[in-house]
Amino acid sequence: ACKQGPNVFSPAPPEEKAYTTPDETIPPADEQGVKTRAAQRVALGAKVQNEWWRLFHSRPLEQAIRDAFAGSPTIAQATATLAQAREQTIATAGGLLPQIDLNSQVGRQAVNVRISGVDRPAIPVNLYGIGPSASYALDVFGGIKRQVEAQSAQADVSDYQLAAAYLALSGNITTQAIAIAGLRAQIKTVEAIIADDQRNLDLVKTAQVGGTATMVDVTTAQTQLAN
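Throughout, a residue's number is its position along its own chain's written sequence, starting from 1. At least 70 in pLDDT is required for a residue's local features to be given in this predicted model, at least 80 for side-chain atom pairs to be given and counted, and no such filter applies to totals for whole chains, interfaces and linings, which use all residues. Note: side-chain values were computed over all heavy atoms of the structure, leaving out hydrogens and water.

> Can you help me understand the overall build of the chain in this one?
Numbering goes from the N terminus for both helices and strands, where a helix is a DSSP run of H or I of at least four residues and a strand is a run of E of at least two. Counting its regular elements, the chain contains 4 helices and 4 strands. In sequence order, the chain lays out its α and β elements as β-β-α-α-β-β-α-α. Counting all 227 residues of the chain, 15% fall into the buried class. Any two residues whose heavy atoms approach within 4.5 Å at even a single point are treated as in contact. Summarising the internal contacts of the chain: among those between residues at least 6 apart in sequence, 57% fall at separations of at least 24. Summed over its atoms, the accessible surface of the chain is roughly 18000 Å², and 58% of this surface lies on carbon and sulfur atoms. When accessible area is computed with a 1.4 Å probe and restricted to protein chains, residues below 20% of their type maximum are described as buried, those above 50% as exposed, and intermediate ones as partly exposed. Using a 1.4 Å probe, the Shrake-Rupley method yields the accessible areas, and only the shown protein chains count as cover for residues.

> Just to check I follow, could you spell out the packing of aromatic side chains for this structure?
Here is the rule: rings of Phe, Tyr and Trp (six-membered ring for Trp) pair when centre to centre is within 6.5 Å. Planes less than 30 degrees apart are stacked, more than 60 are edge-to-face, and the remainder are tilted. Enumeration over the complete set of coordinates arrives at 3 aromatic pairs. One aromatic cluster is present, formed by Trp52, Trp53, Phe69 and Tyr166 through successive ring pairs.

> Just checking my understanding: could you explain unusual backbone geometry for this structure?
The bulk of non-glycine residues show a negative phi, and the bulk of peptide bonds are trans. In the Ramachandran plot, histidine 57 falls in the positive-phi region, its phi being about 55° despite a non-glycine side chain. You can see histidine 57 is positioned in the loop between β2 (40-41) and α1 (59-71). For aspartate 139, which is not a glycine, the phi torsion comes out positive at approximately 50°. Relative to the helices and strands, aspartate 139 is located in the loop between β4 (123-135) and α3 (143-210). Residue aspartate 139 is classed as buried on the basis of its relative accessible area of 17%.

This is the structure:
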């Protein structure tokens, strides 16, 4: 009846294992609906590698993530918190072992001898003390064990927080890298279109000088380039 706390346990996982089935595929196709390569399949239960961003095969992305991990204050803080939680777990578990202490003290006091009838000043005396002490907590009711369990659970939380920090940082960097790559591709495409329009304008001007094009054609080409 005096035992400390109930035995904690993890809840049962849901019966549903996934949102899709292995039969479902994602067939890539072109604009006409023709499949251009092998279909992507859902691999249920497959483990995603820790450095998942390597699947993009981009060395600049990998370098950016490594630099971010090395210079992130958030990850440094989460790492230190995890180390602290683990050390606190070890320290708490040490309460189940015998405790040995060694104490020493030095003091000085004056002894009042007048209370014994002697008429003289107080006599100063130096006091020295040293000695070990040993103790052991039986933990009959499991209080220390519950403290160890609680501290171990806190260390697990810190571990998950560190993993979340890594995942959030790598995910944000990858998302931004993809966005930047998309913008660069758009810029490259627009620059190619501008170059084509400029060449078209030059050709129309040459044709206008040669008499095979009108000023309306030149104005149209100029408008297209301006747009």
